[in-house]
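# Coordinates in review
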Amino acid sequence: MPVPRVVHSVRQLRGDVADARSAGRTIGLVPTMGALHEGHLSLVKAAREQCDTTIVTIFVNPTQFGPHEDFDRYPRTMERDLQLLSQVGTDIVFAPDRPTIFPEGFSTYVEPPAVAQRWEGECRPGHFRGVTTVVLKLFNLVGADVAFFGQKDFQQARVIQCMVDDLAVPVSVRVCPTVRESDGLALSSRNRYLDDAQRSRALALWNSLLAAKQLVERGERQARSVCDRMRQRLIESGVDRIDYAALVDPVTLQPVERVQQRTVAIVAAVVGPTRLIDNLEIEPGPI
Ligand code: AMP
């Protein structure tokens, strides 16, 4: 497996990208905030399978955190990240410092698309503006052929796809399935904030999604009944706050009233000091 070449500056990055390009290699990009786990590594594996050169970026993007969120305590585990990336094989790790991405005087932001308005957009004002701005900058820096994102952040993947379409960014977006623990908890860098008791309560998110899927598979078509069941599950398991539990159209992210075609159940809840999100695609089978 190639040991990743770690680059910090735009000049080094552009040089490496130009070398790969002149050798006729296709480039896959995996943007991350580090604290890597198997979910991130699944994106790297997909990039390796589908592209000749894999570039992973590690940058904890300050502009996507709200003023009272966990930017300062967000886990930073660079050494271990690099070990993991060597194990799966990564060509280049781009790990810029803050001024490399946001130099003094930086003042241009990307206004996120309509699909960013609800859910995470409502709960975390400014979050998606930070995401679209940094992701577009990474796209411009790397010029990748394909960029890989996780279904885990379902709304984020839609936001990025819409930005790419609207602004004609020359990159293909691939969305890879959510990687879960054996009991269903979606892997997340924030899971390391959870103590044992909170870890068991956090499973409520997955259980509420499963309950929604089961209800629909048994013929329930009223979104309101399904969402009520999801909330009930979350409350029973003792989450500390529910931000939302909804059934949405996978393209527009608008809530549906009846489940008539492929729908996505989305949930966000707080357990102890930790805010978690998850989602699950639901297909209404024949009744
Ligand atoms: P983050 O470091 O949290 O910004 O995530 C970087 C990328 O990894 C995003 O595209 C996420 O959607 C993706 N990701 C995070 N957790 C998972 C997971 N459990 N399964 C698949 N992809 C994930």
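Look a little higher up for the structure.
Residues numbered from 1 in each chain as written. Predicted model: local features only at pLDDT ≥ 70, side-chain atom pairs only at ≥ 80, totals over all residues. Heavy atoms only, no water.

## Describing the state of the cysteines
Keep this limit in mind: Two cysteine sulfurs form a disulfide in these notes if their separation is within 2.5 Å. The rule is simple: take the accessible area with a 1.4 Å probe, protein chains only, and divide by the maximum for that residue type; under 20% is buried, over 50% is exposed, in between is partly exposed.
Under the criterion given, the structure shown has zero disulfides. In this structure C123 is not part of a disulfide, and its nearest cysteine sulfur, from C227, lies 14 Å away. Given a relative accessible area of 30%, C123 falls into the partly exposed group. Unpaired in terms of disulfides, C162 finds its nearest cysteine sulfur in C176, a separation of 18 Å. Accessibility expressed as a relative area gives 12% for C162, which makes it buried.

## Things to note about the sheet that holds strand β7 (residues 241-248)
The pairing of strands in a sheet comes from backbone hydrogen bonds and takes either a parallel or an antiparallel form. Threshold: Strands are treated as partners if at least two bridges between them are detected by DSSP. Helix numbering and strand numbering both begin at the N terminus, where a helix is a DSSP run of H or I of at least 4 residues and a strand a DSSP run of E of at least 2. Every axis corresponds to a line fitted to the C-alpha atoms, with the helix fit spanning only the stretch in contact, and the corresponding angles, defined between N-to-C directions, vary from 0 to 180 degrees.
One open sheet holds the three strands; their spatial order is β7-β8-β9, and the pairing between them is antiparallel. The outermost strands of the open sheet, each flanked by one partner alone, are β7 and β9 (274-282). Along the sheet, successive strands turn relative to each other by an average axial angle of 10°, direction set aside. Across nine bridges, the pairing between strand β8 (residues 263-271) and β9 is antiparallel. By the bridge assignment for β9, A269 is matched with L276.

## Focus: the environment of D240
Our working rule: Polar contact is the term for a pair of N or O atoms within 3.5 Å; when the atoms are in protein, one must be able to donate a hydrogen and the other to accept it, and sequence-neighboring residues count only if both atoms are side-chain atoms.
Considering the arrangement of structural elements, one finds D240 in the loop between α9 (223-236) and β7. D240 sits 36 residues away from L276 along the chain, and the two C-alpha atoms are 11 Å apart. At 3.0 Å, the side chain of D240 and the side chain of R201 are in polar contact.

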